[in-house]
Amino acid sequence: MYSTKIYKIDENNIDYNLLKNISKYIKDGKLVAIPTETVYGLACDGLNYEATKEVFRVKNRPFDNPLILHISNIKQLYNLVEYIPKDAYKLAETFWPGPLTMIFKKSKLVPDTVTCGLDTVAIRMPKSKITRAFIDFCNTPLAAPSANLSTKPSPTNASDVYDDLNKKIPVIIDGGSCDIGIESTVVDMTEKIPIILRPGFFTIEDIRSIINKGKYDDSIINSEKIPKSPGQKYKHYAPNAEINVYIGNDSISKIKELSYRDMKLGKKVCVLVFFEYMDEFKNINSKSLGKQDNLIEMSKSMFRLFRECDRENIDVIYMQGIDDVGFGKSIMNRLKKSSCGRVFNIDGGKNE
Ligand code: TXA
Ligand code: MG
């Protein structure tokens, strides 16, 4: 058991000495929570067999769900993969550092604990300057899944990490709130036509605009299909409260009707709607998803709001969804999982 320390680091005035000191934990095979532009990660030395095993234990993560290796420099990629397809170079040039994870054939250097026995490895270069400087000091790629307990919403600030991992890890690096709030886009580059295994900030349109190809894994289009990415088949991102997501013209009146019904039944309700609709919910416990035309506000806040609802012992969440296109598709991908498929288009049945 640890007494978990939180070290605050300012992205605009990085305390490199402090980062260097914290890197000793990684060298000792310990775990450190790190900020990234997407969500917080639970990092360890990605080439250390025992340390990577410990990540699974601490998160209570299924042993068939592989980890992402985080690098700070393109040169680190060469030793970790068997070859780099041309398209991967192009994507790296445009989107790294940033919220893109690419899957490559792995080299012998990568331990089986990282890849869960697969012959491929996931690699990403995060945007956060703090984290790239930290990787430099650690002098090794960092294996880092999201820093939540398995099945919980990914943490988007240091205190949400603390809630899940207090006493379980020695250090959290607090780099403030994450800019994006949902996990990176995962693209399998080992196929002729690269496959998006997990949608994120970068959309299929963004990928195609650079390499003129790219398709979704079948499971993203049809949730009955088994996902190619092992992690995508598990229950995910879910608070204790039951989540119901509504899209369509009548969603606001439906959310209102159901909230009043449940409140009468004695349930603790929370409504999550766009800022523009907050006035309509003055008499109901409600929280804002930000402005409707700025989806990044929604992605940035939704996991934090789910965790807030858990702290307030909310029984049921009624929430506004969005159109399943562009970045909205990535947000809805997470919401389908958080709500266990309870996404309703009330203009015409279930949204699938
Ligand atoms: O934004 C992110 O990607 C964050 C931050 C911390 O970087 N990390 C993250 O890690 O979301 P995690 O472990 O929660 O999700 C990694 C996803 C899982 O769905 C996993 O199954 C998939 O990537 N993955 C990892 N290696 C893979 C591989 N070799 N083949 C297919 N999918 C893989
Ligand atoms: Mg995760």
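Shown above is the structure to which this text applies.
Residues numbered from 1 in each chain as written. Chains lettered and ligands numbered in written order. Predicted model: local features only at pLDDT ≥ 70, side-chain atom pairs only at ≥ 80, totals over all residues. Heavy atoms only, no water.

A.B. asks: So what about the pattern of salt bridges? Which residues, and what values?
C.D. replies: Oppositely charged side chains are able to pair whenever their charged atoms sit close together. For the structure shown, the criterion picks out 21 salt bridges. The partner of Asp-279 in a salt bridge is Lys-282, and the shortest N-O contact between them spans 3.8 Å. Residue Lys-282 is classed as exposed on the basis of its relative accessible area, which comes to 66%. Salt bridges here are not isolated pairs; linked through shared partners, they connect Lys-287, Arg-304, Glu-308 and Glu-312. (Salt bridge = Lys/Arg side-chain N within 4 Å of Asp/Glu carboxyl O. Buried < 20%, exposed > 50% of the residue type's maximum accessible area, 1.4 Å probe, protein only.)

A.B. asks: How would you summarise the environment of Lys-105 if you had to cite specific residues and measurements?
C.D. replies: You can see Lys-105 is positioned in strand E5 (residues 100–105). Remark: the alpha-carbon pair of Lys-105 and Ser-150, spanning 45 residues in sequence, is separated by 26 Å. In contact with Lys-105, other than residues within four places in its own chain, are Leu-80, Val-81, Glu-82, Tyr-83, Asp-119, Thr-120 and Thr-190. One polar contact links Lys-105 to Asp-119, side chain to side chain, over a distance of 3.3 Å. (Helix = DSSP H or I, 4+ residues; strand = E, 2+ residues; numbered from the N terminus. Contact = heavy atoms within 4.5 Å. Polar contact = N/O pair within 3.5 Å; in protein donor to acceptor, adjacent residues only side chain to side chain.)

A.B. asks: Provide a residue-level description of the packing of aromatic side chains, including the pertinent values.
C.D. replies: Summed over the entire model, instances satisfying the criterion amount to eight aromatic pairs. Taking 5.3 Å as the distance between ring centres and 20° as the angle between the ring planes, the aromatic pair formed by Phe-56 and Phe-63 counts as stacked. Taken together, a centroid distance of 4.1 Å and an interplanar angle of 35° make the contact between Phe-95 and Phe-202 tilted. Within this pair, whereas Phe-95 is found in helix H4 (residues 86–95), its partner Phe-202 is found in the loop between strand E10 (195–198) and helix H8 (204–211), the two being separated by 107 residues in sequence. As far as the burial class goes, Phe-95 and Phe-202 line up, both buried. Ring pairing ties together the aromatic residues Phe-95, Phe-201, Phe-202 and Phe-327, which thus form one cluster. In this arrangement the basic side chain of Lys-256 is found over the ring face of Phe-281, its NZ or CZ atom lying 5.9 Å from the centre. (Phe/Tyr/Trp six-rings, centres within 6.5 Å; stacked < 30°, edge-to-face > 60°. Lys NZ or Arg CZ within 6 Å of the ring centre and 35° of its normal.)

A.B. asks: Can you lay out the sheet that holds strand E13 (residues 269–273) for me, pointing to particular residues and giving the numbers?
C.D. replies: Two orientations exist for strands paired in a sheet by backbone hydrogen bonds: parallel and antiparallel. The five strands are arranged E14-E13-E15-E12-E16 in an open sheet whose pairing can be described as parallel. Looking at strand neighbours, the two that pair on one side only are strand E14 (286–288) and strand E16 (343–345), the edges of this open sheet. Here the average twist between neighbouring strands, direction ignored, is 20°. Examined bridge by bridge, E13 and strand E15 (residues 316–320) share four bridges and lie parallel to one another. In the strand pairing of E15, Cys-270 is matched with Ile-317. (Pairing = 2+ DSSP bridges. Axes fitted to C-alpha atoms, helices over the stretch in contact; angles between N-to-C directions.)

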